[in-house]
Amino acid sequence: MTANIKHIIPDQFVLFKALEAANTGIVITDNLLPDNPIIYCNPAFERISGYSREEIIGHNCRFLQNKDRNQEARFHIQRAISNGEDCIVELRNYTKSGQLFYNELYLSPVKNEQGETTHFIGIQNDITARRKVEQALEMNYEETERKVLDRTRMLKESEEYLSSIVETIRESLLVMDKDYYILSANNHFLNTFKVSINETKGKLLYELGNGQWNIPELKKMMLEILPTNNPVLDYEVEHEFPHIGKKLMLLNAHRVEFEGQFKDRILLAIEDITERKAIEQRKDDFLSIASHELKTPLTTVLGYMQMMQRLMPENSSEKFKSVVSKTSMYVDRLNQLLAELLDVSKIQTGNIELHMHPFDFDKMVSETIEGLQTATPHYKIITKGKVGVSFNGDESHLVQVLTNLVSNAIKYSPDANEIEIYVSKVSNFIKVSVKDHGLGIKDEELKKIFARFYRVGEIQKRFPGMGIGLYISDQIVKNHGGTLWAESEVGKGSVFNFTLPVHEEREEMKND
Amino acid sequence: MIKKIMICDDDPGILEMMVMIIEEYGFEVFTEANSVNVLKDLEREKPDLLLLDIWMPVLSGDQILKTIKAEPKFSSLPVIMYSASAEGLAIAQKAGADDYISKPFDMNDLEAKITALL
């Protein structure tokens, strides 16, 4: 074979030119000399390595590895050399300037007729560019994998986070599909309604607990209200459950509207307000009983007070007369407070009774103001305007409203001496305004003053009271179909207004 | 002749106070703290008018009044009921009281109501 090849070799010079022209680095080492020195390198090798021919010839190939000697490929090379075999390895080599390049080295032994390895031919390809792309790909892949892991972990975390929130809230929560089949229920639901997850998951809402949840009002909310009023908030449902008894529940229902896998799922939050309502009821009962019980001894005191005034000798000292009259005044005040407390409990339980009858509104105003003017001679109460119509309403309760507004106006304007009351008819409403030049009310307090037992912080110290007058007035006006509101400026004073709707036609018919 | 007023109330404080006031009006007063005895008292004392509290233990004022009104001997006896509760008026009207006054009452109002019925 070798002999045949020798015959077809065109020319040694041409072969040499071919080596010189090759694009890949080629070196030849002499393996019969110690340490296998390089005896030939082509220009491509010089180009790849950055060394000149003079710096290469005579060296062992290892100089290309610089200090990076600990490469696995070396063992393959050593084995190939000692066994006189081919091998292909990838090496990290370094140019003269120290720059790394990946070298794909193909080693091929040259043997003599005795089979002895005389030379090795090394073909070198700089595969740095390829390696870089590969490495980049690998890194991309690793990065992607890491991101996927991260995302999965984050999803898992947020799922756990969300579920821990759902499990921690002190409210029952059901998740349903669009056909009201339960997808999940939190522990609070299971505990409150004494059911297991197996009895719940996958069941139709109305079939839960053998139809315990087949509640007409709940069905109405789900089927009639929710489709057009999403979300439904604070929907009150009362139901008698066979085992756990009567429950008063406040429901929030929400249908998921955003596109995606959760669309049309229905969330139902159930707050058990049975206890809260019961406590409120007990408090109202207490209020009602306490004020009622207090009335009995007060009646006695009031009776004796009146006797005292009747029996008081003509020639009693002025001081004694004043003591009796002051005592009487405060007993009256106490009586008034009790009446208000009773009113509150009545309003709270929805028992406020309005006794409607037509009366002369202007006369009611002037008589009430007259009474208040007599009691507070140092204030000038100015009344302006007229309604000019009869009003069908609860006169005594409206007297209470007007009295409350005027006495507040006086109470909270200690440095002024004038209160203005303006009465008018606006469209089909009676409007009454009570204006003072007093302390005024801050904006943030203005909304709260009509709440039960609310007292403006700093006011409490200077002007004691229970904070129920405005609440009662507001409720009375509301029960007449009107509104009560206040406008105020701190330091300048306040205007309290209320309106009452006049139903003139009905009025006339009644009067007929 | 001095008219006799009977008061039935389970609260001794109220009774004592009312005796003083009604005597002051110039009437003779008889009191009963136990509502169960009212009918016997009426038989014995023959009052001209009865002042009757509504909320009393054992027999409430309206229960007694119904019995009184059903008894021909007493059905014409004027009865004024009184109470501190908001429903008092409605209860009194339903039970057939001749008049009603809410606690705490004004002395002059009470006197006027008594005089009107005698």
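It should be noted that the structure appears before, not after, this text.
Heads up: these notes are all about the structure in this document.

Reading guide: rules and limits
- Residues numbered from 1 in each chain as written.
- Chains lettered and ligands numbered in written order.
- Predicted model: local features only at pLDDT ≥ 70, side-chain atom pairs only at ≥ 80, totals over all residues.
- Heavy atoms only, no water.
- Contact = heavy atoms within 4.5 Å.
- Buried area = accessible area lost by both parts, 1.4 Å probe.
- Salt bridge = Lys/Arg side-chain N within 4 Å of Asp/Glu carboxyl O.
- Polar contact = N/O pair within 3.5 Å; in protein donor to acceptor, adjacent residues only side chain to side chain.
- Helix = DSSP H or I, 4+ residues; strand = E, 2+ residues; numbered from the N terminus.
- Nonpolar A, V, L, I, M, F, W, Y, C, P; charged D, E, K, R; others polar.
- 1 Å grid on protein atoms, 1.4 Å probe; cavity = no way out; pocket = protein on both sides within 12 Å on 5 of 7 lines; lining within 4 Å.
- Points joined across faces, edges and corners; volume = space filled by probe spheres on them.
- Phe/Tyr/Trp six-rings, centres within 6.5 Å; stacked < 30°, edge-to-face > 60°.
- Lys NZ or Arg CZ within 6 Å of the ring centre and 35° of its normal.
- Pairing = 2+ DSSP bridges.
- Axes fitted to C-alpha atoms, helices over the stretch in contact; angles between N-to-C directions.

Residue-level contacts link 20 residues of chain B with 15 residues of chain A. Both faces considered, chain B and chain A share a buried interface measuring about 1700 Å² in area, 63% of it formed by carbon and sulfur atoms. Considering only the side of chain B, the residues that lose the most area to chain A are M17(B), P104(B) and M107(B), jointly responsible for 32% of the buried surface there. Linking chain B with chain A are 1 salt bridge, by the criterion used here. A salt bridge links E111(B) to R310(A); its shortest N-O distance comes to 3.4 Å. Put simply, chain B and chain A have 5 residue pairs in polar contact (both at pLDDT 80 or more) between them. Breaking the side of chain B that touches chain A down by element, the ones donating at least two residues are α1 (12-25) and α5 (107-117) of chain B. Top contributing element to the side of chain B that touches chain A by residue count: α1(B), with 8 residues. Tallied by class, residues from the side of chain B that touches chain A come to 11 nonpolar, 3 polar and 6 charged.

Let us now look at the pattern of salt bridges. The full count for this structure, using the stated rule, is 29 salt bridges over all chains. A salt bridge links E367(A) to K363(A); the shortest N-O distance between them is 3.9 Å. In this pair, E367(A) and K363(A) both sit in helix α12 (residues 361-375), 4 residues apart, roughly one turn of the helix. Between K4(B) and E45(B) there is a salt bridge; the shortest N-O distance is 2.6 Å. Separated by 41 residues along the polypeptide, K4(B) in strand β1 (residues 4-8) and E45(B) in helix α2 (residues 38-45) bring together distant segments of the chain. Salt bridges linked by common partners bring E90(A), E104(A), R130(A), R131(A) and E134(A) together as one network.

With a probe scaled to a water molecule rolled over the atoms, the places where space remains empty come into view. All names here are of chain A. Approximately 700 Å³ is the volume found for the second largest pocket. Lining the second largest pocket we find 20 residues, and of these L162, V166, V175, S184 and R265 sit closest to its centre. Elements with a contribution of two residues or more to the lining of the second largest pocket: α6 (128-168), β6 (172-176) and β7 (182-185). The class makeup of the residues in the lining of the second largest pocket is 12 nonpolar, 4 polar and 4 charged.

So, on to empty space enclosed by the protein. Residue and element names in this part refer to chain A. What the rule picks out here adds up to 1 cavity of 30 Å³ or more. Estimates place the volume of the largest cavity at around 40 Å³. Taken together, F189, F193, V195, L208, G209, Q212 and W213 form the lining of the largest cavity. Taken together, the residues that form the lining of the largest cavity break down as 5 nonpolar, 2 polar and no charged.

With that settled, consider the packing of aromatic side chains. All names here are of chain A. Inspection of the entire model under this criterion finds 12 aromatic pairs over all chains. Feature note: the residues F189, F193, W213 and F241 constitute an aromatic cluster, connected by ring pairs. Here the guanidinium or amino end of R131 rests over the ring plane of Y102, the centre of that ring lying 4.6 Å away. Taking the ring centre of Y206 as reference, the NZ or CZ of K219 above it sits at 4.9 Å.

Let us now look at the sheet that holds β1(B). Residues and elements named next belong to chain B. Ordered by their spatial adjacency, 5 strands build an open sheet running β2-β1-β3-β4-β5, and the pairing between neighbours is parallel. Each edge of the sheet is formed by a strand with only one pairing partner; in this case those strands are β2 (28-32) and β5 (99-102). With strand direction ignored, the average angle separating the axes of adjacent strands in the sheet is 20 degrees. The sheet contact formed by β1 and strand β3 (residues 49-53) spans 4 bridges and is parallel.

Purely geometric numbers; function is a separate question.
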